[in-house]
Amino acid sequence: MKLRKAAALVLVTVMAATVLTGCGKGNTGEGETKGADREKALDLRTLTQDEIEEGAKKEGRVSSVGMPDEWAHWDLSWASILEKYGLEHDDVDLSSGEEIATFVAEKDDPTKDVGDVGYAFTSTAMDEGCLQPYKVSSWDSIPDWAKDPDGNWTVSYTGTTCFIFNDAAIEGELPTTWQELMDSEIVVNMGNVVGGASSQANILACAIAMGGGFDNVQPGIDYFKKLAEQGRIHPSEGQVSEMVSGEVECFGGRFDFNGTAWADEYNAQELEGLHITTVIPQDGAITTGYALIINKWAPHPHAAAQTVEYMLSEEGQIERAYGGARPIRSDVEIPEDAPVLGDEWYENTTSPESADALQEACDEIARLWEEEVIPLLG
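A brief look at the structure comes next. Predicted model, so just to flag it, every value in this text is computed and none were measured.

### A word on the overall build of the protein chain
The helix and strand tally for the protein chain stands at 14 helices and 10 strands. Across the protein chain, every contact between residues at least 6 apart in sequence was considered, and the portion connecting residues at least 24 apart equals 76%. Accessible surface for the protein chain amounts to roughly 15700 Å². Of this, 47% is attributable to carbon and sulfur atoms.

Put into structure tokens, the structure is as follows:
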């Protein structure tokens, strides 16, 4: 499985290098060490908090990948980081695989500092050797499963696979299982199954519902082959704007926090023909995490460490809750007005035994989706 992922990553890396050549070279600041020399120049784990904060202020900027404003309400944290530390911010919205490929492709002339990847992709990032370790001051409050022992990656919030419906466009009761979804006439958008962690996790959840599991994802693929033959898969990356415009009735390739945050924002506007409801399928759902990673060759390493530190502070964790996500730190109390689903929705969810187990399942899903489902989409 890992050989296939590595081969795919090489292809994406070459593509990323081609696209990124000559771009983004204006991000370097005073006193920066560029490119491959970064790994020889700095070990963030040896620095005090004062040294990190001082260095971050000098750098003045943090550049992220895969951490757009609307995803888990990152915008709340970027505003806080600007206010507290004076760090300007920019982001390029990429899938987990593309984030890692970008770090590798740019290593001799880097532009990106920090990313947020699906738990399964932490193994890929480790294999690629593109991570710079850092241990946050709240290290002891983070579960062992949710952090690399050396600090190469740290999960900051969890997500659970789900259905996100525009129930204003659907007649009858909303499906609460994968079987009920199959029995309906609802068209589903699964997002980027080849490269997206959330989409792959949802296919795996479907496989579990259909009698498969981490070591047998074929039942999930067969399920979507049937939907494709019925013309019930809407092909796109899966953006909330498509639901607002009426193009999509159901997102099946996102996490619970996407749906609850969208509902919190858009339902209050009372737009005609739009009402967003999030449902955790009761016959198959996966709870996993998203991990913060620092680029080994980050042009703003102190700012990257300060960003990760803030995201795992109590304030940063509460901001994730306001983005609909469940904070990884159990010692942080979720505010009552945060848009998260009740505990009863999560009683039948499954968690992976390890990042490797999840990665191997997702690798197989990506391969089978390309080979067996995409040809049916026309």
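Let's pick the thread back up.
### Topic: the sheet that holds strand β7 (residues 250-251)
Pairing is mixed in the open sheet, where 4 strands are placed in the order β6-β7-β5-β8. Each of the sheet's edge strands pairs with one partner strand only, and the pair in question is β6 (188-189) and β8 (276-279). Examined bridge by bridge, strand β5 (residues 163-166) and β7 share 2 bridges and lie antiparallel to one another. From the neighbouring strand, F165 faces β7, where its bridge partner is C250. The strands touched by helix α11 (residues 256-266) are β5, β7 and β8; relative to β8, the strand with the most contacts, the crossing angle is about 155 degrees.

### Let's talk about the pattern of salt bridges
Overall, the coordinates contain 11 salt bridges when judged by the stated rule. The salt bridge partner of R326 is D343, with a shortest N-O separation of 3.2 Å. Residue R326 is found in strand β10 (residues 326-327), and its partner D343 is found in the loop between β10 and α14 (355-373); the two are separated by 17 residues along the sequence. Linked through salt bridges whose partners overlap, the residues forming this network are R61, D90 and K112.

### Quick notes on the packing of aromatic side chains
Enumeration over the complete set of coordinates arrives at 18 aromatic pairs. Seen from their ring centres, Y157 and F257 are 5.3 Å apart, and the 85 degrees between their planes marks the pair as edge-to-face. Linking Y157 in strand β4 (residues 153-160) with F257 in helix α11, this pair joins segments that are 100 residues apart in sequence. Judged by its relative accessible area of 0%, F257 falls in the buried class. Seen from their ring centres, W178 and F224 are 6.0 Å apart, and the 80 degrees between their planes marks the pair as edge-to-face. Residue W178 is found in helix α7 (residues 178-183), and its partner F224 is found in helix α9 (residues 218-229); the two are separated by 46 residues along the sequence.

### Thoughts on the packing of helix α8 (residues 197-209) against α14
How two helices pack is summed up by the angle between their axes together with the distance between the axes. It is the contact of α8 with α14, at a shortest axis distance of 9 Å, that shows an interaxial angle of 95 degrees. The angle between the axes of α8 and α14 places the two elements in the roughly perpendicular class. Between α8, through Q200, I203 and L204, and α14, the contact on the second element is made entirely by L358, A361, C362, I365, A366 and W369. Here the contact of α8 with α14 is composed, by residue class, of 8 nonpolar, 1 polar and no charged.

### A few points about unusual backbone geometry
For A72, which is not glycine, the phi torsion reads 55 degrees and is therefore positive. By secondary structure assignment, the location of A72 is in the loop between β1 (61-65) and α4 (74-85). Unusually for a residue other than glycine, H73 sits at a positive phi of about 55 degrees.

### Remarks on the nonpolar core
The nonpolar side chains of a soluble globular protein tend to be buried with one another. In terms of nonpolar packing, the biggest core is built from 85 residues, with F224 and W369 touching the most fellow members. The element that contributes the greatest number of residues to this core is α14, accounting for 8 residues. Residues in contact with F224, not counting those within four places in the same chain, are W178, M190, I203, C206, I233, W369 and V373. Within the second largest apolar cluster, 15 residues are counted, among which are I164, V248, Y266 and I280.

So, how was this worked out
Residues numbered from 1 in each chain as written. Predicted model: local features only at pLDDT ≥ 70, side-chain atom pairs only at ≥ 80, totals over all residues. Heavy atoms only, no water. Helix = DSSP H or I, 4+ residues; strand = E, 2+ residues; numbered from the N terminus. Contact = heavy atoms within 4.5 Å. Areas by Shrake-Rupley, 256 points an atom, 1.4 Å probe, with all protein chains shown as cover. Pairing = 2+ DSSP bridges. Axes fitted to C-alpha atoms, helices over the stretch in contact; angles between N-to-C directions. Salt bridge = Lys/Arg side-chain N within 4 Å of Asp/Glu carboxyl O. Phe/Tyr/Trp six-rings, centres within 6.5 Å; stacked < 30°, edge-to-face > 60°. Buried < 20%, exposed > 50% of the residue type's maximum accessible area, 1.4 Å probe, protein only. Parallel < 35°, antiparallel > 145°, perpendicular 65-115°, else oblique. Nonpolar A, V, L, I, M, F, W, Y, C, P; charged D, E, K, R; others polar. Core = buried A, V, L, I, M, F, W, Y, C linked by side-chain atoms within 4.5 Å.

Function cannot be inferred from these measures alone, as they are strictly geometric.
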